[in-house]
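# Coordinates in review
One-letter residues, chain by chain:
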Amino acid sequence: MTHQPGSRGFFEAVVDLVDPERWLVFSHSGPSCQWISVRSRVTPFPEQGLKLHLSAVPQTAEEVLQRAAPVLLEGNISFKFAATQFDLQNLLNGRGGLTQVGKFLTIYPPDSEEAVRLGLHLEQLTSDLSGPHIPYEPALGPQSIVHYRYGAFARFELQQDIGRIVHARKDPDGQLRLDDRSSNNSRSDAFAEAGVPVWQRTYETVLRDRYLRLETLAENRKGLQCLGLDIGNPKLGAVVIKEAHAGVALDANGLDGRGRLENEACALRALKSCPRVPTFVDFWHAADKSFLVYCFVEGTNLASLLGELANSGRSLSVDQLWKWASSLWNCLREVHCRGLLFGDLKPSNIIVDRTGELHLIDFELAQAPESGLYPGFGTRGYSSPEQLTGQKLGFQDDIYAYGSTLLSMITMRDLSLFPEERIELVYRDAVQRCPELTDLVLNAMHPHRERRPTLVEIGRRLSREHTTGAIGSDLSRGGPACAFLQCAIEIGEALVREQDAEEDGLWVTQHSSSFGAKARDVYVGSSGVALFLLELYDASGERRFLASAAKAAEALKNDTRSFGRPQPLTGLYFGECGVSLLNLRLYELTGRSQYRVWAED
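Residues numbered from 1 in each chain as written. Predicted model: local features only at pLDDT ≥ 70, side-chain atom pairs only at ≥ 80, totals over all residues. Heavy atoms only, no water.

## A short note on the overall build of the protein chain
The helix and strand inventory of the protein chain stands at 17 helices and 20 strands. Relative to its length of 601 residues, the protein chain is compact, with a C-alpha radius of gyration of 27 Å against a globular reference of 25 Å. For the protein chain, the spread of C-alpha atoms along the principal axes amounts to about 75 × 70 × 45 Å. Accessible surface, the protein chain as shown: approximately 27,600 Å² in total, 50% of it carbon and sulfur. A distance of 3 Å separates the average location of the 63 positive side-chain charges in the protein chain from that of its 76 negative side-chain charges. (Helix = DSSP H or I, 4+ residues; strand = E, 2+ residues; numbered from the N terminus. Rg over C-alpha atoms; globule rule 2.2 N^0.38 Å. Areas by Shrake-Rupley, 256 points an atom, 1.4 Å probe, with all protein chains shown as cover. Lys, Arg positive; Asp, Glu negative; His and termini not counted. Charge placed at Lys NZ, Arg CZ, Asp CG, Glu CD.)

Structure follows, in structure tokens:
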């Protein structure tokens, strides 16, 4: 079993207890977590049932496992757990999805009666240990780390009418149904029926008899963000109400999401009266939650705006780029002049108001220079190399993020999606679109802090160049062509390598609509990938792309999976028409009649 370098495996804490004659131990990967499964060779593994989840934080995880494992091994009950501290941290930071937050140890009892008995026993054994509440699951008390949910133990795949492939479980009649991880899935609650008092986090519409939550803007690993009203002060207008939960989104110092929310509250207080910063209203702690209220900033999120423009084939004009470069400079100047750095500058943390001016939101990482708060936190593609490697932050780290945010505006690309070695292509595209501003960007994004310009120096540069100019038409169509074919060939070569690593010749997708299944369709499946390779062959003449597409077509022909449906979907985007389109395109390019026959079948 291999683990993240420098991360101690939790299995070492119980390895001496596991008899290989009675237990099968293996590691396997989830969306963002490596798991260790300990499967009984003595008792059969159920397909589904009432599963138990024990939550943990890095400080308690090993103790949770050491207390629970002897009970499970003695009872021949299978279980799995996050392999290392690194994997647990990924779960706590929401990288496995909201429903996976905190699920350190998963237990598979043989039946509901045993699940209740075992859950109560584990609650007694772990009552003094802490862990976060697992979203959507009942717990055996407000401070308990023992949670439960009815669902599938084995992996079942179901393709819905809209084409999405989802986790599934079986109904009493044997039909596959959605295994909804945000609900209990069972018509009855075995714990409640046994008279066990259970607890589940409730949603409070009115907080402190004053703040009314109207609409959920976002829900993530840290908690909730809602649009609301201050009933005690209606003239204040709309407010944002942020709720952070205990024990999740931990940093290297052990501070959780509540600590960062309190940090944001302190920053907003310090930046009071800054016109480009949200106005602080209130902050308080509850039992296992913290709340922040600030005035809603009306406008459009910059990341959303850039995405919409890019999807419609448009880009920002040079005049608009310089205008926003100056507006963003003013945002940073307001923060820096109060002795703080922002810490997480990127398009999604910027609001464009109705006048076209920019405003900053989300001050959770704001801090004084060299304070050392939240080491390693930031956003890949936008944060400086020093920030992502855990060094203490200074003003020059905001300068780097300023440059990367401008680069995103110039190229209409989300830099967080690009591996570091591909950023050079983005630079080239930016030079063609706006060479003068790109020069400023390159200076700001210098890999060494001491070589980056100061905010004052950037301000002087902005005042010299393009400080005026009409912005009546701030959007322009198209843009200079980039080396698209070469990029496409490199992508195609990567896809061929991925296919060669799969025995069946089909591609695995990590798209959220398929949860790691090998989909067949055009949208996220092998048909769409193969069609891309065919067009790449048509444009480049590289026969390896044709061979790869033909291999996929044959694999799809031999694929007998039904994804839980009595009849396959027939659509083009989601369905068998997409597979037929692949075969027709192969027939068109090769003239081989077998592909036409396959398409007609």
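From this point on, the discussion continues.
## A word on the nonpolar core
Grouped together as the largest cluster of nonpolar side chains are 58 residues, with contacts concentrated most on Leu328, Leu345, Leu360, Phe363, Tyr402, Leu406 and Met409. Counting residues per element, this core draws most heavily on helix α7 (residues 318-337), at nine residues. Those residues within four positions of Phe363 in sequence are excluded, and the remaining contacts are Asn263, Glu264, Ala267, Leu268, Leu271, Val277, Pro278, Val335 and Phe342. Of all hydrophobic cores here, the second largest spans 47 residues; its members include Val18, Leu72, Ile107 and Leu118. (Core = buried A, V, L, I, M, F, W, Y, C linked by side-chain atoms within 4.5 Å. Buried < 20%, exposed > 50% of the residue type's maximum accessible area, 1.4 Å probe, protein only. Contact = heavy atoms within 4.5 Å.)

## A word on the packing of helix α10 (residues 423-433) against helix α11 (residues 435-444)
Axis separation between α10 and α11 bottoms out at 6 Å; the angle between their running directions is 140°. Considering their axes alone, α10 and α11 lie oblique with respect to each other. Facing Tyr427, Ala430, Val431 and Arg433 of α10, the residues of α11 in contact are Pro435, Thr438 and Leu442. Among the residues making up the contact of α10 with α11, the classes are represented as five nonpolar, one polar and one charged. (Axes fitted to C-alpha atoms, helices over the stretch in contact; angles between N-to-C directions. Parallel < 35°, antiparallel > 145°, perpendicular 65-115°, else oblique. Nonpolar A, V, L, I, M, F, W, Y, C, P; charged D, E, K, R; others polar.)

## A look at the sheet that holds strand β16 (residues 300-301)
Two orientations exist for strands paired in a sheet by backbone hydrogen bonds: parallel and antiparallel. Read from one edge to the other, the open sheet built from three strands follows the order β16-β18-β19, with strand pairing classed as antiparallel. Since the sheet does not close on itself, it has two edges, and those belong to β16 and β19 (358-360), each with one partner. Across three bridges, the pairing between strand β18 (residues 350-352) and β19 is antiparallel. From the neighbouring strand, Ile350 faces β19, where its bridge partner is Leu360. (Pairing = 2+ DSSP bridges.)

## Looking at the environment of Arg258
If you trace the backbone, Arg258 turns up in helix α5 (residues 257-270). The spacing of Arg258 and Phe291 is 33 residues in sequence and 8.2 Å in space, taken between C-alpha atoms. Leaving out residues up to four positions away in the same chain, Arg258 has contacts with Ala244, His245, Ala246, Ala287, Asp288, Lys289 and Ser290.

## Describing the pattern of salt bridges
Opposite charge on two side chains allows them to pair when their charged atoms are near. Tallying each qualifying case throughout the model produces 43 salt bridges. In this structure, Glu63 and Arg67 form a salt bridge, with 2.8 Å as the shortest nitrogen-oxygen distance. Placement of both Glu63 and Arg67 in helix α1 (residues 61-74) is noted, with a separation of four residues, approximately one turn of the helix. Since its relative accessible area comes to 31%, Glu63 is described here as partly exposed. Overall, Arg67 belongs to the partly exposed group, its relative accessible area being 23%. Linking Glu334 and Arg276 is a salt bridge whose minimum nitrogen-to-oxygen distance equals 3.7 Å. A residue pair is termed long-range when its members are at least 10 positions apart, and Glu334 in helix α7 and Arg276 in the loop between α5 and β14 (280-285) qualify at 58 residues. With respect to burial, Glu334 and Arg276 carry one shared label: buried. (Salt bridge = Lys/Arg side-chain N within 4 Å of Asp/Glu carboxyl O.)

## With respect to the sheet that holds strand β11 (residues 211-220)
One open sheet holds the six strands; their spatial order is β10-β11-β12-β13-β15-β14, and the pairing between them is antiparallel. Each end of this open sheet is capped by a strand with a single partner; those strands are β10 (206-207) and β14. Bridge count between β14 and strand β15 (residues 289-295): five bridges; the pairing is antiparallel. Its bridge partner lying in β15, Asp282 is registered against Val293. Sitting on the sheet, α5 is in contact with β13 (238-245), β14 and β15, with an inclination near 30° to β15.

## With respect to unusual backbone geometry
Here the phi dihedral of Glu370 falls at roughly 65°; this positive angle occurs in a residue that is not glycine. Within the chain, Phe563 stands out as a residue other than glycine whose phi angle is a positive 55°. The topology assignment puts Phe563 in the loop between α15 (543-558) and α16 (576-590). For Phe563, a relative accessible area of 6% gives the class buried.

## Quick look at the side chain of Thr379
Inspection of the secondary structure puts Thr379 in the loop between β19 and α8 (385-388). Within the local environment of Thr379, its side chain forms a polar contact with the side chain of Lys346, the two groups lying 2.8 Å apart. Setting aside residues no more than four positions away along its own chain, Thr379 makes contact with Asp344, Lys346, Leu388 and Ser416. (Polar contact = N/O pair within 3.5 Å; in protein donor to acceptor, adjacent residues only side chain to side chain.)

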